[in-house]
Each structure stands twice: as structure tokens, then as C-alpha cells.
Amino acid sequence: MLHLSLTPLLVLVLGVCLGAAFPHDTLRKGCRLSKYQNIAHEEQKAVDKMRQEFFLSLSLGLCLQVNNHKCDTKLFHRRWNAVDLPVSDRVVLVAAELNLTTAMLELPAVPSFAEVRRRPLDFFTQAREDVRGCPLSLQVDPSHQPSRKLRHWLLKLQAATRTTPESTACLRATTILHVLQVLDNLRCAALQDKC
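Owing to the predicted nature of the structure, the values given are computational and were not obtained by experimental measurement.

So, on to the layout of surface pockets. Put simply, the largest pocket is a space of about 220 Å³. Considering only residue class, the lining of the largest pocket consists of 3 nonpolar, 2 polar and 6 charged.

Confidence in the prediction for the protein chain averages 77 pLDDT; 71% of positions are at 70 or higher. Considering only residues more than four positions removed or in separate chains, one finds that residues 6–28, a stretch of pLDDT under 50, has 56 contacts. Here residues 64–69 is a poorly scored stretch, pLDDT under 50, and it has 13 contacts once near neighbours within four places are set aside; other chains count.

Our focus in this paragraph is the environment of Arg 148. Mapping Arg 148 onto the fold places it in helix α5 (residues 148–161). Given a relative accessible area of 69%, Arg 148 falls into the exposed group. When the C-alpha positions of Arg 148 and Leu 85 are compared, they lie 9.9 Å apart, and in sequence the two are 63 residues distant.

Here helix α7 (residues 179–191) spans 19 Å end to end across 13 residues, near enough to the 18 Å set by a 1.5 Å rise per residue. Of all the positions in α7, only Val 179, Val 182, Leu 183, Asn 185, Leu 186, Arg 187, Cys 188, Ala 189 and Ala 190 are classed as buried. Of the residues trailing α7, Gln 192 is marked for its positive phi of about 55 degrees.

Evaluation of the coordinates by the stated rule reveals 5 aromatic pairs. Ring geometry for Phe 123 versus Phe 124: centroids 5.5 Å apart, planes at 75 degrees, classification edge-to-face. Connected via pairs of aromatic rings, a cluster forms that spans Tyr 36, Phe 123 and Phe 124. If you follow Arg 78 out to its NZ or CZ, it ends over the ring of Trp 80, 4.8 Å from the centre. Taking NZ or CZ as reference, Arg 78 lies 4.9 Å from the ring centre of Trp 153, over its face.

This part covers the pattern of salt bridges. This model, assessed by the stated rule, comprises 8 salt bridges. Among the ionic pairs, Arg 51 bridges to Asp 48, the shortest N-O distance being 3.5 Å. Linking Arg 51 with Asp 48, this pair stays in helix α2 (residues 41–59), spanning 3 residues, or about one helical turn. The network of salt bridges with shared partners includes Arg 128, Glu 129 and Arg 132.

Interaxial distance between helix α3 (residues 87–105) and helix α4 (residues 111–132) falls to 9 Å at its minimum, and their mutual angle equals 150 degrees. By the criterion of interaxial angle, the relationship of α3 to α4 is roughly antiparallel. Along this stretch, α3 crosses α4, giving a crossing that reads as left-handed. Here α3 contributes Val 91, Val 94, Ala 95, Leu 98, Asn 99, Thr 101, Thr 102 and Leu 105 to the contact with α4, which in turn contributes Phe 113, Arg 117, Leu 121, Phe 124, Thr 125, Ala 127, Arg 128, Val 131 and Arg 132. Residue classes in the contact of α3 with α4 are distributed as 10 nonpolar, 4 polar and 3 charged.

Turning our attention to the nonpolar core. Judged by nonpolar contacts, the single largest core of 49 residues is most densely connected at Leu 33, Phe 124 and Leu 186. At the level of secondary structure, the elements contributing two or more residues to this core comprise α2, α3, α4, α5, α6 (165–177) and α7. Ranked by residues supplied to this core, first place goes to α3 with 11 residues. When neighbours within four sequence positions are excluded, Leu 186 is seen to be in contact with Leu 33, Tyr 36, Ile 39, Val 94, Leu 98, Phe 123, Ala 127 and Val 131.

Think of two packed helices as two axes; the pair is described by the angle between the axes and how far apart they sit. Between α3 and α5, the shortest axis-to-axis distance is 11 Å and the interhelical angle comes to 10 degrees. Here α5 runs roughly parallel to α3, going by the angle between their axes. Here Asp 89, Val 92, Leu 93, Ala 96, Glu 97 and Leu 100 of α3 lie close against α5, whose contacting residues are Leu 150, Trp 153, Leu 154, Leu 157 and Thr 161. Counted by class, the contact of α3 with α5 contains 8 nonpolar, 1 polar and 2 charged residues.

Rules used throughout
- Residues numbered from 1 in each chain as written.
- Predicted model: local features only at pLDDT ≥ 70, side-chain atom pairs only at ≥ 80, totals over all residues.
- Heavy atoms only, no water.
- 1 Å grid on protein atoms, 1.4 Å probe; cavity = no way out; pocket = protein on both sides within 12 Å on 5 of 7 lines; lining within 4 Å.
- Points joined across faces, edges and corners; volume = space filled by probe spheres on them.
- Nonpolar A, V, L, I, M, F, W, Y, C, P; charged D, E, K, R; others polar.
- pLDDT = per-residue confidence, 0-100.
- Contact = heavy atoms within 4.5 Å.
- Helix = DSSP H or I, 4+ residues; strand = E, 2+ residues; numbered from the N terminus.
- Buried < 20%, exposed > 50% of the residue type's maximum accessible area, 1.4 Å probe, protein only.
- Expected span 1.5 Å × (residues − 1).
- Phe/Tyr/Trp six-rings, centres within 6.5 Å; stacked < 30°, edge-to-face > 60°.
- Lys NZ or Arg CZ within 6 Å of the ring centre and 35° of its normal.
- Salt bridge = Lys/Arg side-chain N within 4 Å of Asp/Glu carboxyl O.
- Axes fitted to C-alpha atoms, helices over the stretch in contact; angles between N-to-C directions.
- Parallel < 35°, antiparallel > 145°, perpendicular 65-115°, else oblique.
- Left-handed = near helix turned anticlockwise from the far one by under 90°.
- Core = buried A, V, L, I, M, F, W, Y, C linked by side-chain atoms within 4.5 Å.

Here's what the structure looks like:
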């Protein structure tokens, strides 16, 4: 079984299901989300290079195989985008995506991929820590009900993280394939109402 750090994810899911949110106009002092409004080109390039290297090594048979079983994870195939969510839901979404992305990048890898993933993993780990400083499920606002879309997706994510070793490769490949989408969602959450 894949042993992801599910505690933060479960806190997010429970917080969302209980109607947790933060004020739309202010972010807590420890929240450093605004620095992701403009993600450095070098970071984007490093992430894209890592993504390409992963799929090159996958095609050469150097990474865990996803072709040996049906790989139909549609975790990132949503009929909505981050911009379609309220600002508070965007932060919850990106926090969950960052938890998944860092967990998948931390999995053992062949040396060539391990080297190229180092910078993106550091970036996503730092972003995850910065987002954790934002008031996600800590300030309950009874008038806020998270969107049905987000609640459904968080439950789908929770189910996807309960995987077998064979499907871990599929989840990892899907996550890395959509890593640029995670960057876009991080930027959108940072831009708040300007996204």
C-alpha cells in the first residue's frame, strides 16, 4: 500500500466538509501565498524538464511501469478549473494538490530522474509549507459552504491515495503529467480575486 502522509489531507477534507474557510480579503500573517502570483520562469522550466525526463525514462522502461495495468486515473480531469472555485476553495484545492505532488515526487526513482526532480521537489515542498501557513480549516465560517465540486474532488483524491503498489505508478504518472496544472492552480490561488 502507498503510505502517503494522509493526516494533512484528512484535515483538509474534514475541514472542507465541516464548512471551513478563511476571510476572502485577508490572509493570515504566516500565509506566504502572494509570492506565487508570479512563479519564476526558471522554476517553471525546471518543472517542465522534470516532467519530460519522467516520461522519457518511463518510455525507456526505467521507471515504474504504468502500461502493465489499466491506468485510467482521471484525478486531474475535471470539468472545472481553479478559477471556477471561490478563493477559499482554491487554497484548499492547491494545498491538496501540493500534498499529492510532493508525495509522488518523494517516491524512489532512478538516478537520472532523482537528479532532475530535486529542484521541483524543493519548490513544491516550499510551496506546500507556505500554503500550510494560510488559514485553511482553522477558522470556521458557518456561512461558507465549500463547493460541491471541491468536496467531490477531495473525496476522489482521498480514494486515489488508498492505492496498491501497482496503481501507485499510475497515480504518480498522472500527478507528474499534470504538474504544470498544479503550478497554474497555485498561481490562481495566490492571485485570489484577480485570477
